[in-house]
Amino acid sequence: MLILKDIIKNYEVPVLGPIDVEIKSKSFVSIIGASGSGKSTFLRLASGLISQSSGSISYKNNIKPKMGFVFQDSTLLPWRNVIDNVLLPSELTKQNNSESIEKSINWLERVGLKGKENSFPNELSGGQKMRVSIARAMVQGGDLLLLDEPFSALDEVTRRKLEDDLLEIWETNNITVLFVTHSVTQAVYLSQRVIVLSSGPGIILEDLAIEKNLKDDFEETSEFISQVRHLTNILKKEGREL
Ligand SMILES: Nc1ncnc2c1ncn2[C@@H]1O[C@H](COP(=O)(O)OP(=O)(O)OP(=O)(O)O)[C@@H](O)[C@H]1O
Ligand SMILES: [Mg+2]
């Protein structure tokens, strides 16, 4: 889906790289690392929102995937109702037609917001706002969904529900997911693969394929616990070396 080759990003100082990574189609990949390690920069580079200082980014068959971005706060415009927030990117790219309206209504229903189309953001809970943001990204995207610490402001129960809904969306829509989080347990629970970035400039410290036994409640298994412990130890060790 996506290949990043020798990617380096500098602002006044180096912040990321060199990074060499290939993201496979239909995979669910999480990126973890300390604050300032370059996780958001990595996502912005992958999405083309910003450009790299050196190195190259290429896409499968040279076709840029359709991407949707979900940020930490749901980034809804308060003066627009739910459906108009979902339609905003289509408006900006002048693809605001009956198909995108139908798609938006459809996605709002799929994220559990049927009947809320005309509500305004201040009438929604934090979890509902995040659902609008996911619907908006899916209307835009469809190939690659990039999420930057999307659920960290939510309470535990809402967060868990959204995590499971995200997994369901990933499984049923054949999309690729790049997920940035601070939480090791969340990364291991959700992903097929977890990439750990070092403290800035971020390079890849670990690239772990997550082993899951789908027959069991994954979080109760010794595999889950040992993989969380392994990644936590890497982060702790990195923290000590700062
Ligand atoms: N637009 C910018 N201009 C200058 N420096 C920037 C810019 N964006 C990010 N940085 C710097 O790049 C480094 C990495 O930032 P980034 O936001 O990618 O980190 P992060 O891992 O997402 O952190 P957090 O977990 O706190 O969100 C930081 O030192 C930050 O100050
Ligand atoms: Mg960030």
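None of these values were measured; they are calculated from a predicted model. (Residues numbered from 1 in each chain as written. Chains lettered and ligands numbered in written order. Predicted model: local features only at pLDDT ≥ 70, side-chain atom pairs only at ≥ 80, totals over all residues. Heavy atoms only, no water.)

Enquirer: What am I meant to see in the sheet that holds strand β3 (residues 28-33) here?
Expert: The strands that make up a sheet pair up through hydrogen bonds in the backbone, lying either parallel or antiparallel. Here six strands make up an open sheet; going across it, the order is β5-β6-β7-β3-β8-β9 and the pairing mixed. Whereas interior strands pair on both sides, the edge strands pair on one side only; in this sheet they are β5 (67-70) and β9 (204-209). Strand-to-strand twist in this sheet, taken as the mean axis angle between neighbours without regard to direction, amounts to 15°. Sheet analysis places strand β8 (residues 193-197) next to β9, joined by five bridges and oriented antiparallel. For V196, the partnering residue across the bridge sits in β9 and is E206. Seen against the sheet, helix α1 (residues 39-47) touches β3, β5, β6 (144-148), β7 (176-180) and β8 and runs at an angle of roughly 155° to β6. Along the sheet, helix α4 (residues 126-140) makes contact with β5 and β6, crossing β5 at roughly 165°. (Pairing = 2+ DSSP bridges. Helix = DSSP H or I, 4+ residues; strand = E, 2+ residues; numbered from the N terminus. Axes fitted to C-alpha atoms, helices over the stretch in contact; angles between N-to-C directions. Contact = heavy atoms within 4.5 Å.)

Enquirer: Hey, could you run me through the pattern of salt bridges in this one?
Expert: Two side chains of opposite charge can pair, provided their charged atoms sit close to one another. By the definition in use, this model includes ten salt bridges. For R159, the salt bridge identified is with E156, shortest N-O distance 3.1 Å. In this pair, R159 and E156 are both assigned in helix α5 (residues 156-173), three residues apart and thus about one turn of the helix distant. Of the residues examined, E156 reaches a relative accessible area of 56% and is grouped as exposed. The closest approach of N and O atoms between R160 and E219, which form a salt bridge, is 2.8 Å. Of this pair, R160 sits in helix α5 while E219 sits in the loop between β9 and α7 (222-240), and the two are 59 residues apart along the sequence. Note on R160: relative accessible area 27%, which makes it partly exposed. When its relative accessible area of 25% is taken as the criterion, E219 is described as partly exposed. One network of salt bridges, with partners in common, ties together E156, R159, R160, E163 and E219. (Salt bridge = Lys/Arg side-chain N within 4 Å of Asp/Glu carboxyl O. Buried < 20%, exposed > 50% of the residue type's maximum accessible area, 1.4 Å probe, protein only.)

Enquirer: Where do I start with the domain arrangement of the chain in this structure?
Expert: Often the size quoted for an interface is simply the accessible area lost on bringing the parts together. Domain boundaries in the chain define domain 1 (2-66 + 143-240) and domain 2 (75-141). One C-alpha centre belongs to domain 1, the other to domain 2; they are set 25 Å apart. In this assembly, 14 residues from domain 1 lie in contact with twelve residues from domain 2. Together domain 1 and domain 2 conceal approximately 1,000 Å² of surface at their shared face, both sides included; 72% is due to carbon and sulfur atoms. Counting the surface domain 1 buries against domain 2, the share from its top three residues, L145, L162 and I169, is 39%. Our enumeration of links across domain 1 and domain 2 arrives at one salt bridge. Residue D165 is joined to R131 by a salt bridge in which the shortest nitrogen-to-oxygen separation is 2.9 Å. (Domains from an automatic or database assignment. Buried area = accessible area lost by both parts, 1.4 Å probe.)

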